[in-house]
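Descriptive structure summary
This is what each chain is made of:
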Amino acid sequence: MKINALVAPHATQPLSSGQIALRSVQAQDVKIEILYCGVCHSDLHMARNEWGVSNYPLVPGHEIVGRVVETGKSVSRFQAGDLVGVGVMVDSCRECHFCQQQEEQYCEAGWTATYNGTDKYTGGSTWGGYAQHVVADQHFVVAIPTNLPLAGVAPLLCAGVTVWSPLRYGNVKAGDRVGVVGLGGLGHMAVKLASALGAEVTLFTTSPQKGEDALRLGAKRVVISRDAAQMAACQASLDMILDCVSAPHDLDPWLATLKTNGKLVLVGIPEQPHPSPNVSPIVNRRLSISGSSIGSIKETQEMLDFCGQHAITADIELIAGEEIETAFARMLRGDVKYRFVIDMQATRW
């Protein structure tokens, strides 16, 4: 069936309203009417082919919240009318070690991206959430808590679970001291979730004007990372740092703030590599540097349930679909607090 969508026809052309062919519903599939879709920075990278892997035409969007309108004959987890979400992936091999452990984000065969992936039924590209509908296997669909405002839930499907996964893997608990580097789409969710887990959160930022907002979001301390005295005052004080910055930068200042056995976890992906860190503090204080990729479907559902219990959503600005290029331009300037979300019902197709 044909549906309306916001389509990127080429890397050098803006997104515009068009039509795409949605695949037919298979036995395990859920068809979802999309109500809201978050705007992730990776959507801009992909629309402009900045990673060199985009296939056109392309429909971005992997922070999808909607309502089930149709289910395949073998679907048991959902029924028409349910509020559901779809995140970054819509399939995986289901057979490898990691898939069997319910860690599909590390699928050895490579998971299928919600958009710009290869649909195993059609052989064509998967279509994202900047559209009226999406079809996905029920295994990769999650239930949305009914007590949360839906627009604010959308960014949880990517930004939220991306920081939740390392927090849970690191067993962050009450009394732990967690640093967050950068107060953007990822960083503001890291502050909210870590503080809700009971951690004492320190926000590192280059922008003094973000301090008040960080405290509102749950941080106990704000450190201006360009201020040598402030950085010196928090040496060897943290158990974990979530580095949410996606630009190349020196990692040594963050290593210096970690206690012995501390962990620096990278969730931002820079276009160019970070400078190599100094090995001495890593060896002398048994520090570790690691990365974390999105989150599993199990972790996504766990995170959503936790957010429902603690009334946590993303801080968003709601836009209509025809405002997407303006939103992209503002996102490049850092002019958003802290995530744009497209209201599909307000979009003029």
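Our subject is the structure listed above.
Residue positions are given per chain, counted from 1 along the sequence in the order it is written. Since the coordinates come from a predicted model, pLDDT governs what is reported: local features require at least 70, and pairs of side-chain atoms require 80 or more to be given and counted, while whole-chain, interface and lining totals use all residues. Values reported for side chains reflect all heavy atoms of the structure, with hydrogen atoms and water molecules removed beforehand.

Buriedness for pockets is judged along seven lines, at least five of which must meet protein on both sides within 12 Å for an open set on the 1 Å grid over protein atoms alone, while cavities are sets there where a 1.4 Å probe fits but cannot get out, and lining residues have an atom within 4 Å of a point. Grid points are joined across faces, edges and corners, and a volume is the space filled by probe spheres set on the points. The tally for this structure, following the rule as stated, stands at 1 cavity of 30 Å³ or more. Estimated volume of the largest cavity: approximately 80 Å³. Along the wall of the largest cavity there are 13 residues; nearest its centre are Gly87, Val88, Leu157, Ile297 and Thr300. Under the scheme applied, nonpolar residues are Ala, Val, Leu, Ile, Met, Phe, Trp, Tyr, Cys and Pro; charged residues are Asp, Glu, Lys and Arg; polar residues are all the others, including Gly. Each residue belonging to the lining of the largest cavity can be placed in one class, and the counts come to 9 nonpolar, 4 polar and no charged.

Along the chain, asparagine 116 turns up in the loop between strand E7 (112–113) and strand E8 (133–137). Considering only alpha carbons, one finds asparagine 116 and proline 57, 59 residues apart in sequence, at a separation of 9.1 Å. Contacts are residue-level and defined by heavy atoms, with any inter-residue pair within 4.5 Å sufficient. Residues within four places of asparagine 116 in sequence aside, it is in contact with Met46, Val53, Ser54, Asn55, Leu58 and Thr126. What qualifies as a polar contact is a pair of N or O atoms within 3.5 Å, subject to a donor-acceptor requirement within protein and to the restriction that residues adjacent in sequence count only when both atoms come from side chains. From its side chain, asparagine 116 meets the backbone oxygen of valine 53 in a polar contact 3.0 Å long. In DSSP terms, a helix is any run of H or I states spanning at least four residues, a strand is any run of E spanning at least two, and both are numbered starting from the N terminus.

Two strands form a pair only when DSSP identifies at least two bridges running between them. Read across the open sheet, the 6 strands follow the order E12-E11-E10-E13-E14-E15; overall the sheet is parallel. Where the open sheet ends on each side, the last strands, each with one partner, are strand E12 (221–224) and strand E15 (288–291). Recorded for the sheet is a direction-independent mean angle of 20° between the axes of neighbouring strands. Bridge count for strand E11 (residues 200–205) against E12 is 4 bridges, and the pairing is parallel. Residue threonine 202 lies in a different strand from E12, and its bridge partner there is arginine 221. To obtain each axis, a line is fitted to C-alpha atoms, and for helices this fit is confined to the stretch in contact; angles are then taken between N-to-C directions over 0 to 180 degrees. Running at roughly 155° to strand E13 (residues 238–243), helix H4 (residues 159–169) makes contact with strand E10 (177–181), E13 and strand E14 (258–266) of the sheet.

Over the atoms a probe the size of a water molecule is rolled, and this reveals where empty space is left. Here the second largest pocket is characterised by a volume of approximately 270 Å³. Every residue lining the second largest pocket is counted, 21 residues in all, and those nearest its centre are Arg23, Asp119, Thr126, Trp127 and Val135. At the level of elements, strand E6 (89–91) and E8 are the ones that each hand at least two residues to the lining of the second largest pocket. No other element matches the 4 residues that E8 contributes to the lining of the second largest pocket. Residues that form the lining of the second largest pocket fall into these classes: 8 nonpolar, 7 polar and 6 charged.

All right, on to unusual backbone geometry then. The omega torsion of the bond from tyrosine 56 to proline 57 falls at 0°, within 30 degrees of zero and hence cis. Examined against the element boundaries, proline 57 turns out to sit in the loop between helix H1 (41–47) and strand E4 (64–71). With an omega of -5°, the peptide bond between lysine 337 and tyrosine 338 qualifies as cis. Within the fold, tyrosine 338 resides in the loop between helix H11 (324–332) and strand E17 (339–343). Phi angles above zero are rare outside glycine, and asparagine 171 is one such case at about 55°. Positionally, asparagine 171 belongs in the loop between H4 and E10. Each residue is placed in one exposure class: buried if its accessible area under a 1.4 Å probe, protein chains only, is under 20% of its type's maximum, exposed if it is over 50%, and partly exposed if it falls in between. Overall, the relative accessible area of 49% leaves asparagine 171 in the partly exposed class.

Let's shift gears to the pattern of salt bridges. Salt-bridge detection follows one rule: a side-chain nitrogen of Lys or Arg within 4 Å of a carboxyl oxygen of Asp or Glu. For the structure shown, the criterion picks out 19 salt bridges. The salt bridge partner of glutamate 302 is arginine 168, with a shortest N-O separation of 3.7 Å. With glutamate 302 in helix H10 (residues 297–310) and arginine 168 in helix H4, the pair connects residues that are 134 residues apart, well separated along the chain. A relative accessible area of 33% means that arginine 168 is categorised as partly exposed. Aspartate 335 is the partner of arginine 330 in a salt bridge, and the nearest nitrogen-oxygen pair spans 2.9 Å. Residue classification places aspartate 335 among the partly exposed positions, given a relative accessible area of 34%.

Bringing the side chain of glutamate 299 into the picture now. Along the chain, glutamate 299 falls in helix H10. It is arginine 168 that comes nearest to the buried, bridge-free glutamate 299 among opposite-charge side chains, at 7.4 Å. When near neighbours in sequence (up to four residues on either side) are disregarded, glutamate 299 contacts Gln105, Val161, Trp164 and Ser165. By the counting scheme adopted, Arg and Lys are positive, Glu and Asp are negative, and His together with the chain ends is not counted.

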